[in-house]
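Architecture at a glance
Here are the chains, one letter per residue:
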Amino acid sequence: MRVISNIASLRDVRRSWQAEYKVIAFVPTMGNLHQGHLNLVKEAKMKADVVVVSIFVNPLQFGPDEDLEAYPRTLENDRKVLSEMGVDVLFTPQVKDIYSRGLEQQTFVEVPGISYMICGASRPGHFRGVATIVCKLFNMVQPNMAFFGEKDFQQLQVIKAMVTDLSMNLTVHGVSTTREDDGLAMSSRNQYLTAEQRTLAPTLYQRLQEMRDKINSGRRDFSRVTSECCEQLAQAGFSLDYIEIRSADTLLQPGHEETKVVILAAAFLGRTRLIDNLQVTLN
Ligand code: PAF
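Anyway, here's the lowdown on the structure attached to this text. (Residues numbered from 1 in each chain as written. Predicted model: local features only at pLDDT ≥ 70, side-chain atom pairs only at ≥ 80, totals over all residues. Heavy atoms only, no water.)

Quick look at the site of the ligand
Around the ligand, the surrounding shell consists of Pro28, Thr29, Met30, Gln61, Ile133, Phe148 and Gln155. Contacts to the ligand include Gln61, whose side-chain N or O atom sits 2.6 Å from an oxygen atom. Contact with the protein chains covers 88% of the free accessible surface of the ligand, which is 290 Å². Residue composition of the shell around the ligand, grouped by class: four nonpolar, three polar and no charged. (Near = heavy atom within 4 Å. Polar contact = N/O pair within 3.5 Å; in protein donor to acceptor, adjacent residues only side chain to side chain. Areas by Shrake-Rupley, 256 points an atom, 1.4 Å probe, with all protein chains shown as cover. Nonpolar A, V, L, I, M, F, W, Y, C, P; charged D, E, K, R; others polar.)

What follows is the structure, encoded as structure tokens:
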């Protein structure tokens, strides 16, 4: 595996692959890799000839009170794991090269509407930061396909919308959420949880499953189903950011003809913000 931090060197490698008609897959990450990331890499390897993984903790997607400085950085371990998996290139650019004119001057990509709701309402500017870095990385790697986890369901929809709106020449693949044995969605932020919070954390997914079961049993009073779940989670000790049932296609409020919804949740345990989601097909 080649480790490249320089954009020009990445482009050289990209050019040589193009000359050999290789299909290029890309997995963008912020590092501190867990099995969820490795499953993205596995999917990428199955579908393409060569795989590029990037590790870049993107300052543009963190709010002023968020965990940018504390975000876990484990490059040496990540490098070893990716090399063992047979990744072709690990791209590790520096902030000064990615945002060479400074964060304040940076041209940005904004996907309106979908970026402002749900997580976007709680984290203003977050999806602008995500869309901007993903667009820039796509321009550098120029992949044929890119892989993202469904755990960040809204992020995946924002990226798909950006790719459509800007006529980008690649396919975006969503990969299902990887969970711990007790159901907790894998996340780099889970390591912030205390032992007590970690025991409580899977409750979030359990309540989402209960909501799914209620919907599957025929309930369509979504706001009641949601508030029942909110009450239970608050009683269990979660501080809720949101729980929403939305159209899985548009993330808007579900209409009468909706065929698939997604239950989206974000809740704090202490200072750690957990997110999760569950898609439900309506019969
Ligand atoms: O999901 C993430 O890890 C990040 O938001 C991404 C897509 C790598 C952009 O920084």
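Next comes the rest of the description.
Regarding the sheet that holds strand β1 (residues 2-4)
Sheet architecture is open: six strands sit in the order β1-β4-β3-β2-β5-β6, paired in parallel fashion. Edge strands, defined here as strands with exactly one partner in the open sheet, are β1 and β6 (171-175). Shown here is a sheet whose adjacent strand axes are inclined to one another by a mean of 25°, direction ignored. Pairing between strand β5 (residues 145-149) and β6: five bridges, direction parallel. (Pairing = 2+ DSSP bridges. Helix = DSSP H or I, 4+ residues; strand = E, 2+ residues; numbered from the N terminus. Axes fitted to C-alpha atoms, helices over the stretch in contact; angles between N-to-C directions.)

Regarding the pattern of salt bridges
Using the criterion set out here, one finds 20 salt bridges in the structure. With a closest N to O distance of 3.4 Å, Glu20 and Lys22 form a salt bridge. Judged by relative accessible area, Lys22 falls into the partly exposed class, the value being 31%. For Asp221, the salt bridge goes to Arg219, with nearest N and O atoms at 3.0 Å. The exposure class of Arg219 is partly exposed, given its relative accessible area of 24%. (Salt bridge = Lys/Arg side-chain N within 4 Å of Asp/Glu carboxyl O. Buried < 20%, exposed > 50% of the residue type's maximum accessible area, 1.4 Å probe, protein only.)

Section: helix α7 (residues 153-165)
Along an α-helix, a turn takes 3.6 residues, which lines up residues three or four apart on a common side. Between its first and last C-alpha, α7 extends 18 Å over 13 residues, near the 18 Å set by a 1.5 Å rise per residue. For α7, every residue scored as buried is listed here: Phe153, Gln154, Gln155, Leu156, Gln157, Val158, Ile159, Met162 and Val163. Buried residues in α7 make contact with α5 (119-122), α6 (126-141), β5, β6, β8 (260-269) and β9 (272-281). Phi turns positive one or two residues past the end of α7, at Ser167, with a value near 50°. (Expected span 1.5 Å × (residues − 1). Contact = heavy atoms within 4.5 Å.)

Observations concerning the nonpolar core
Phe138 and Met162 are the most contacted members of the largest nonpolar core, which totals 48 residues. Elements with a minimum of two residues in this core: α1 (7-19), β2 (24-29), β3 (50-55), β4 (89-91), α6, β5, α7 and β8. With 10 residues, α6 is the single largest residue contributor to this core. Sequence-distant contacts of Phe138, defined by excluding residues within four places in its chain, comprise Phe26, Pro143, Ala146, Phe148, Ile159, Met162, Val163, Met168 and Leu170. In this structure, Tyr205, Val225, Ile245 and Leu269 belong to the second largest nonpolar core, which totals 24 residues. (Core = buried A, V, L, I, M, F, W, Y, C linked by side-chain atoms within 4.5 Å.)

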